[in-house]
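If you want the building blocks of each chain, they are given just below.
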Amino acid sequence: MNGIPQSDQDARRVLTRYKRSATGLLAAMAGLTVAGYALPQMGWLAERPWLEILRSGTKAGVVGGLADWFAVTALFRRPMGLPIPHTAILPAQKERLAQALGRFVSNTVFTEKEVEAAFTRIDLPSLIGSILQEPETADMVSRAVLGSVPHVLDRLEDGRASSAIAGMLPTLLGGEEIAPIVTRSLRAMVEGDCHQEVLTFLLSRLKEGIKAKEPSLRAMIEDRVREQGGRVLGWAIGGSIATKVLLAAGQELERIDPQNSELREGFTTWVRSEIDRIEQDPVRRGEITDAVKGVLTHDSVRGWSSDVWHRLRRLIEEDTRKGETSWAATLVRDALQRLAEQMYHDPTMRKRVDDGARGMVMGSLPFLREKMSRFIYSVVNGWDADSLSDRLELRVGKDLQYIRLNGTLVGFLAGCGLSMLLQMIFGTGIG
């Protein structure tokens, strides 16, 4: 019995046992019937009313057993191989059975009501959370991520990917879509006083620059005085004017430096007005977009970004070679753990998962029902007729043998009861 599933082998043994029981009971009824007539003829048993009742009962049991045997057998095959009409019903109606079975399963099991009830019984988010918490899941996802990293990196450097990115950049940077990003970034800087930190940095650099270039600036101012007032005037007051100019510049920078200075407040007002202008003035938005595009497409920026990318790729490749101890694997496990916790405790996440799964299944239910019906039809209709009968008999044959057993017993009891009733009405001698 190689190749036959163990479940089918067990079912066949049970079916054979019940068939033998039903056939044995039928044979017992036939034997009692023959004995009921043969023993009186041989003089071994006297005629009695109870003997007539027994004969009637056993004859009815034989008839009932034979009738039910014929009915059960006719479902699956021709009784005794005889070409009797309307027998071997299941093999003859295989195509109709396949269609009916497919429609029954798809239209009765896969209905909106049944699917909704299934979602009500199943806590899908918790089920997903329990799967995510299993170490095997984390290991599998980590291995998948680490294994895909080289391929992803190669694809990022693939000529087609580069062409696609190069084609998207002009679209992204050539329109007005980048202006809202700039304005949101600037507003965030203003709200966090980051623009003042930028101003402080520029002022400090300006102070350092003036201090470092003071001799050359002094010489330049003296030269300008000589050019405008002559050599004598330049010699007389050029140095004094240069000193005053540099001192005034330093004092002005010091006046700007305090955080509560009027100039800093004016700088904040100017930045806010520029943000409003970018948002409201299409011409200004275009200027900002062109400026950003010019910076990002400059050869020096491209070279710098390429160098950054190659350094980043080397870091990623070195990390992935560490396997389960890599930063990427740790990140994946932490992400799965956080997601599992959300599946258990975050009502918003649980509702989102449940509604998403429910909507996806409900939306695809008509398609699934049609595919399921066709699949069941193709499978059942593709079975060999004898194979179909054998499969079905293994599944329901045991219960059908009870029909044979009950038919034989009911026939026996009905025959005995009817014989007793007739004897009570008409007296003995009724056969």
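Analysis parameters
- Residues numbered from 1 in each chain as written.
- Predicted model: local features only at pLDDT ≥ 70, side-chain atom pairs only at ≥ 80, totals over all residues.
- Heavy atoms only, no water.
- Patch = residues over 30% accessible without salt bridge, like charges linked within 9 Å, V, L, I, M, F, W, Y side chains within 5 Å.
- Areas by Shrake-Rupley, 256 points an atom, 1.4 Å probe, with all protein chains shown as cover.
- Salt bridge = Lys/Arg side-chain N within 4 Å of Asp/Glu carboxyl O.
- Helix = DSSP H or I, 4+ residues; strand = E, 2+ residues; numbered from the N terminus.
- Buried < 20%, exposed > 50% of the residue type's maximum accessible area, 1.4 Å probe, protein only.
- Expected span 1.5 Å × (residues − 1).
- Arc of directions from axis to C-beta.
- UniProt positions renumbered as here; feature names shortened; annotations may be inferred.

The name recorded for the protein in an unreviewed UniProt entry is DUF445 domain-containing protein, from Komagataeibacter medellinensis.

Participant: Looking at this structure, how should I read a nonpolar patch on the surface?
Facilitator: Among the surface-exposed residues, Leu-418, Leu-421, Met-424, Ile-425 and Phe-426 lie close enough to one another that they form a single nonpolar patch of about 580 Å² accessible area. Within the secondary structure layout, Leu-418 lies in helix 18 (residues 385-426). Overall, the relative accessible area of 49% leaves Leu-418 in the partly exposed class.

Participant: It is not clear to me how helix 16 (residues 327-345) should be interpreted in this structure. Could you clarify?
Facilitator: It helps to recall that an α-helix has 3.6 residues per turn; residues three or four apart then point in one direction. With 19 residues, helix 16 ought to run about 27 Å at 1.5 Å a step, and its terminal C-alpha atoms sit 27 Å apart, in line with that. For helix 16, the set of buried residues is Ala-328, Ala-329, Val-332, Leu-336, Ala-340 and Met-343. With its buried residues spanning 110 degrees around the axis, helix 16 presents them on a single face. Away from its buried face, by an angle of more than 90 degrees, helix 16 presents the exposed residues Trp-327, Arg-338 and His-345.

Participant: Help me out: how do you make sense of the UniProt feature "transmembrane region" (unreviewed entry) in the protein in this one?
Facilitator: When the UniProt feature table is mapped to this numbering, "transmembrane region" (unreviewed entry) covers residues 21-40 and 405-426. Overall, residues 21-40 shows 100% helix and 0% strand. The separation of its end C-alpha atoms is 29 Å. From the first C-alpha to the last, residues 405-426 spans 31 Å; its make-up is 100% helix and 0% strand.

Participant: Help me out: how do you make sense of the pattern of salt bridges in this one?
Facilitator: Pairing between side chains of opposite charge can happen when the charged atoms of each approach one another. Evaluated as defined, the whole model comprises ten salt bridges. Between Arg-358 and Glu-116 there is a salt bridge, with the nearest N and O atoms lying 2.4 Å from each other. Note that Arg-358 is positioned in helix 17 (residues 347-382) and Glu-116 in helix 5 (residues 112-121), a separation of 242 residues in sequence.

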